[in-house]
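Below are the chains, spelled out letter by letter.
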Amino acid sequence: MDGRGGAAISLRRRRRCVSRNSRHGAAVNSEARSADPGRNPSRARAWLGRIRRVKPLLLCNAAVFLFACWVFGFVADEVREQEHLQWEKHVMLALRTGEPPHPIGPHWLAEVARDVTGLGSVAVLSFFVLLVTAFLLFTRRRVAALILLAASFGGLAINHTLKSAFSRARPDESLRLIEIESWSFPSGHAMSSATIYL
């Protein structure tokens, strides 16, 4: 190959490299502009729209959270003072009849109440959590699975801590539908169900 042919090939190679580098630089600049809301007005407007949509939801969630904390604080104060126990016993006796007392209404109604309460039991909730966690891991949604496990174990730990702090005894044995040895407040079934199902 003579010198002219080699020079022509070398020139074509340099042109290809320059063209490739210019295209790469344009692509990088385009990505940088799209990633920076300040340089892309449409992108900035999209971010502002998202913030406006999320803000009312955050305010609503905060209001619900504060209201729930207030309700719990009010009930917890009543439990601590134990001024409600006599009223609570009157309500439970009003829903029972006979001697020894048994629930009013048909026999199947008490069975339904026990079955519904069972939806918040440790066995049912543990099965539900394991099933959903396995599904989330199978679909590679690891963050969602971690949040579910953290909420489940965190709620359980908080419930046990509050039960030990209040140490509220169960009603008289004659007024119980099922036998449970743990403290009664706050309700483990209610709190665990709210934590996991909601």
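Right, let's walk through the structure included here.

## Examining the nonpolar core
Nonpolar side chains in soluble globular proteins generally cluster together in the buried interior.
Piece 1. Core analysis: the largest hydrophobic core is formed by 6 residues, namely Leu-125, Val-129, Leu-136, Ala-145, Leu-148 and Ile-196.
Piece 2. For this core, the elements supplying multiple residues, two or more each, are helix 5 (122-138) and helix 6 (142-166).
Piece 3. Ranked by residues supplied to this core, first place goes to helix 5 with 3 residues.
Piece 4. Apart from residues no more than four positions distant in its own chain, Leu-136 is found in contact with Arg-141, Arg-142, Ala-144, Ala-145 and Leu-148.

## Comments concerning the pattern of salt bridges
Piece 1. If you walk through the whole model with that rule in mind, you get 2 salt bridges.
Piece 2. Across the salt bridge formed by Arg-80 and Asp-77, the nearest N and O atoms sit 2.6 Å from each other. One end of the pair, Arg-80, and the other, Asp-77, are both in helix 2 (residues 41-81), 3 residues apart, so they sit about a helical turn from each other.
Piece 3. Look at Asp-77 and you get partly exposed, because its relative accessible area is 29%.
Piece 4. Note that Glu-111 is salt-bridged to Arg-114, the shortest N-O span being 2.6 Å. Placement of the pair is Glu-111 and Arg-114 together in helix 4 (residues 107-118), with a separation of 3 residues, close to one helical turn.
Piece 5. Under the relative-accessibility criterion, Glu-111 is labelled partly exposed at 32%.
Piece 6. What makes Arg-114 partly exposed here is its relative accessible area of 26%.

About the thresholds
- Residues numbered from 1 in each chain as written.
- Predicted model: local features only at pLDDT ≥ 70, side-chain atom pairs only at ≥ 80, totals over all residues.
- Heavy atoms only, no water.
- Core = buried A, V, L, I, M, F, W, Y, C linked by side-chain atoms within 4.5 Å.
- Buried < 20%, exposed > 50% of the residue type's maximum accessible area, 1.4 Å probe, protein only.
- Helix = DSSP H or I, 4+ residues; strand = E, 2+ residues; numbered from the N terminus.
- Contact = heavy atoms within 4.5 Å.
- Salt bridge = Lys/Arg side-chain N within 4 Å of Asp/Glu carboxyl O.

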